[in-house]
Each structure stands twice: as C-alpha cells, then as structure tokens.
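# Coordinate analysis (summary)
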Amino acid sequence: MGRILALLLFLNANVFGQAAAGNEKYDQKQYVDAVNAFEKIPPAGRDAGILNRLGISYHLLKQFKAAENAYRAAVSKDPKNTDAPNNLAALYYSQQRFSDAERQIRRAMEKSPDNAVMRLNLRAARYARENAKSARDAANAILNDNPVLIEKRDGDLLQVQILMPRKDLEEATLHERRGDSFFARKIYEEAIVEYGKAVALDRYNASVLNRLGLVYHQSQKLAEAERYYREALKQNPYFIEVLNNLGTVEYVRKNYDRALEQYERALKIRPESPTILLNMGACLFDMKRYDEAFKATQRALEIDPRVLDRTSGFGTLIQTSRRNDPTVSFYFAKIYAARGEKELAISYLNRALDEGFREYDKIKSEPAFVALAQEEGFIKIMERITAEATSR
C-alpha cells in the first residue's frame, strides 16, 4: 500500500512539474519546448487549460491537425470552457475556412458574449466569409510574414488578423476615434458624420454601428437609431448593449411589450446586468406591473448601487425619464428604505404624496418604513397624511 501511495505521489509531482515547465515555456512563447513538456503529461492529467495551451502551441507552430485535436479535447474535458472554442475558430480562420470559422466563433460567443477578442474575431470572420476572394488575396499577400493569420495571443485566446485592406481599416479606425471624441463632448451631429464614414468603410464593426445608433438616439432620431442598432445586431447577434438599446427605442415609443421582449432577450445573455434590470423595471412600472418592476429595480441596485447615477456611455443607454406615477414613487421609497438610504426614501414618499398617492395604509403598514419612524422627515410625512385624511 505504501509503495502504491509513493508511486501516486511521484506521478502527481511529475505531472505538476511538466505542467509548470510547459506553462513557463508557453509564457515565453517557446512553443516547441511547451509542446514537449505538455505532451509528457499523461492524458488523464491534462485539464482543459493545459489542452488549450497545447492546442495554441501546435497552432502557432502550424501543426494544424494536432492543434485541432487538442482544442477538441479541451472542449470535451470542460464544455464550459470558452477559450478553446474561440481558438478552434481561429484555427479554421488560419486554414482560410472562413465559413467554419464564423460558425465556430458564434458557438463560442453563446457562452461568452462580452469577450472583446471574440467580438473582434466574429467581425473578422464575417468579413472574410462575405468577401472571400479579397480576403484570400489579402491572406496570400501576408503569408510570409503571418502564415497563421493571427494578430496576437491574448493570454489563452487567439485574435485573428482582419483581412480587410489595410488602408480601409486604418481610415475607418481614424473616423471611429474622431466620432468617439465628438460623442464624448456631446457634439452629436459631428459624431454622426464621423461614425457614418467609419461604417461606410467597415460595415462589419458592430461596436461602431451601435455607437452610431446611440448618437442618433441621443439626437431624438429614433428611426435612424433603430436602423443602426438592428444592423449592429445583424453583425453580432450576441451584442447585449444593442438589445438593450433597441428596448429603449421601443420604451420611448411606449411599445412596452416590445421593449420588454428586448430586455428579456438581453437578460438571457447576461442575467446580472444592472442597466438592463433597471430599464426592465422602468418598463414594468409603466405597464403597471409594480411588484415585478420593484424586484427588477431592487436587484439592479443590489448589483450596482450607483446605476441610477449614470445616464449613458459608448455602449448602453439608460432610461432617465420616468412618467409621473405616484405608485412608482412609493415603490422607490420602499427600495431606498430597505437599503438604508433614509433621505432618498423620505424624498420619494413626499414625491408620491405630491403626485397623488392616497393609499395611506400602505405607507403606515410597510415594514421597510419602520426604520424611518424616528426621522424628522418621516414624522412630517405622517403628520401630512393625518391632515390630508382629516380634510377629506
């Protein structure tokens, strides 16, 4: 028994040593040595991370079949792993199998929709698939310098090189940056011009399409905003910010069912998004579905207590307008009271009364307001309620 235990300890130490050696060589981009070390690890001792790194090492050495086998083994070992599916897509791209690359990167993004490298890879694969001849011409022109068509290795992810003409790509990037500068300064008309020039050169950049939609949205041009949001979603069906922004378009139009549908689609991708939960809450409040709205808003604030302090950024629009509804103000008072933000709770209670809230018993019996009982502002509210009830 002791001899068996000693043997197991020796084997485990050997596996650990080979993994450490392989990882060191991998980090140093010495891929031949990395492969030699990783291959000495018994198959049962290779986890998904090691298999993915083995795949990358083979991949960058242009040993494509061995790389594919390693990537597929990583996926089998851990189906939740998203690095290996992305890198398998990059492998197909290296082989100029652009349709396969796009299908594979879409599968990877189902599990990791926010990943910046995967978004770039989807953009590159879509362009290459739809412009296969020019993409292959561009690939053949750079084969001596970059035979695997990889832009860079980012940790354990491979980012492919987009095969768009370099002049067009650089010019589009210049207009994108100018658009960002105008957007940040709220000079929306100039931002529209610059983003428009960028997408005319590169219509596969979903991020710029979304920002173009945002500046139209901020300019109250909803039809144009929706057009570019939908084009962005066509380029990247997993673009959660776009789904949210389409929801806000429908919300402004008071198409609450359609808005809610977009928010629900977005939450299936990212269930814990405070922005989308907040927007969903606003939509549900306007649909008079108060309890559901309360839960969504409360959850948004639990995730990010400062979400109400923001309006919008380069990605996602947050609804800042709210209809005058005394019941909504009452529910916000409950939310803030439960969070211990007494001044805000009292402010919203006063607002509810100003807007015509007359369900005084709900205020008196609400457990969340017990913590406010000794506050001067709440005492005045109760005096106001007594006076209003008496005068009726």
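Given the structure is predicted, the values throughout are model-derived calculations rather than measurements.

### Section: the pattern of salt bridges
- For the structure on display, the rule yields 36 salt bridges.
- Residue aspartate 100 is joined to arginine 97 by a salt bridge in which the shortest nitrogen-to-oxygen separation is 3.1 Å.
- Residue classification places aspartate 100 among the partly exposed residues on the basis of a relative accessible area of 23%.
- Put simply, lysine 334 and glutamate 366 hold a salt bridge, and the shortest N to O gap is 3.6 Å. You can see lysine 334 sitting in helix H17 (residues 326–338) and its partner glutamate 366 sitting in the loop between helix H19 (360–365) and helix H20 (376–391), a full 32 residues away along the chain. Grouping residues by exposure puts lysine 334 and glutamate 366 together as buried.

### Observations regarding the pairing of strand S1 (residues 150–154)
- Taken together, the 4 bridges between S1 and strand S2 (residues 157–160) define a ladder with antiparallel strand orientation. Across the sheet, the residue bridging to isoleucine 150 is valine 160, located in S2.
- Here S1 folds back onto S2 in antiparallel fashion, the turn holding 2 residues, of which glycine 155 has a positive phi close to 65°.

### Brief notes about unusual backbone geometry
- One non-glycine residue, leucine 149, lies in the positive phi region at around 60°.
- Checked against the element boundaries, leucine 149 lands in the loop between helix H8 (132–142) and S1.
- Non-glycine residue glutamine 220 carries a positive phi angle of around 65°.
- For glutamine 220, the position within the fold is in the loop between helix H11 (206–218) and helix H12 (222–235).
- By relative accessible area, which is 60% here, glutamine 220 ends up exposed.

### Some points on the environment of alanine 338
- Counting through the fold element by element, alanine 338 comes out in helix H17.
- Linking alanine 338 and proline 305, residues 33 residues apart in sequence, is a C-alpha distance of 13 Å.
- With sequence-adjacent residues up to four places away left out, alanine 338 is seen in contact with Gln298 and Ala368.

### Quick word on the side chain of threonine 327
- The residue threonine 327 is located in helix H17 in this model.
- Discounting residues that sit within four places of it in the chain, threonine 327 has contacts with Tyr290 and Phe357.

### Quick look at empty space enclosed by the protein
- With the rule as written, the count across this model stands at 1 cavity of 30 Å³ or more.
- Approximately 40 Å³ is the volume attributed to the largest cavity.
- Taken together, Asn86, Ala89, Ala90, Tyr93, Ala101, Ile105, Asn121, Ala125 and Val160 make up the full set of residues lining the largest cavity.
- Elements represented by at least two residues in the lining of the largest cavity include exactly helix H5 (83–94), helix H6 (98–111) and helix H7 (116–130).
- No other element matches the 4 residues that H5 contributes to the lining of the largest cavity.

### Quick notes on the packing of aromatic side chains
- Under the defined criterion, the tally for this structure stands at 18 aromatic pairs.
- When the centroid spacing of 5.9 Å and the interplanar angle of 85° are considered together, the rings of phenylalanine 330 and phenylalanine 369 count as edge-to-face. Of this pair, phenylalanine 330 sits in helix H17 while phenylalanine 369 sits in the loop between H19 and H20, placing them 39 residues apart in sequence.
- A relative accessible area of 4% means that phenylalanine 330 is categorised as buried.
- On the numbers, 5.3 Å between centres and 20° between planes, the contact of phenylalanine 332 with tyrosine 348 is stacked. One end of the pair, phenylalanine 332, is in helix H17; the other, tyrosine 348, is in helix H18 (residues 342–354), with 16 residues separating them in the sequence.
- Look at tyrosine 348 and you get buried, because its relative accessible area is 17%.
- Within the aromatic cluster, the residues linked to one another by ring pairs are Phe285, Tyr290, Phe294, Phe330, Tyr331, Phe332, Tyr336, Tyr348, Phe357, Phe369 and Phe378.
- Taking the ring centre of phenylalanine 239 as reference, the NZ or CZ of arginine 119 above it sits at 4.2 Å.
- Between lysine 334 and the ring centre of phenylalanine 294, over which it is positioned, the NZ or CZ distance is 4.6 Å.

Conventions we followed
Residues numbered from 1 in each chain as written. Predicted model: local features only at pLDDT ≥ 70, side-chain atom pairs only at ≥ 80, totals over all residues. Heavy atoms only, no water. Salt bridge = Lys/Arg side-chain N within 4 Å of Asp/Glu carboxyl O. Buried < 20%, exposed > 50% of the residue type's maximum accessible area, 1.4 Å probe, protein only. Helix = DSSP H or I, 4+ residues; strand = E, 2+ residues; numbered from the N terminus. Pairing = 2+ DSSP bridges. Contact = heavy atoms within 4.5 Å. 1 Å grid on protein atoms, 1.4 Å probe; cavity = no way out; pocket = protein on both sides within 12 Å on 5 of 7 lines; lining within 4 Å. Points joined across faces, edges and corners; volume = space filled by probe spheres on them. Phe/Tyr/Trp six-rings, centres within 6.5 Å; stacked < 30°, edge-to-face > 60°. Lys NZ or Arg CZ within 6 Å of the ring centre and 35° of its normal.

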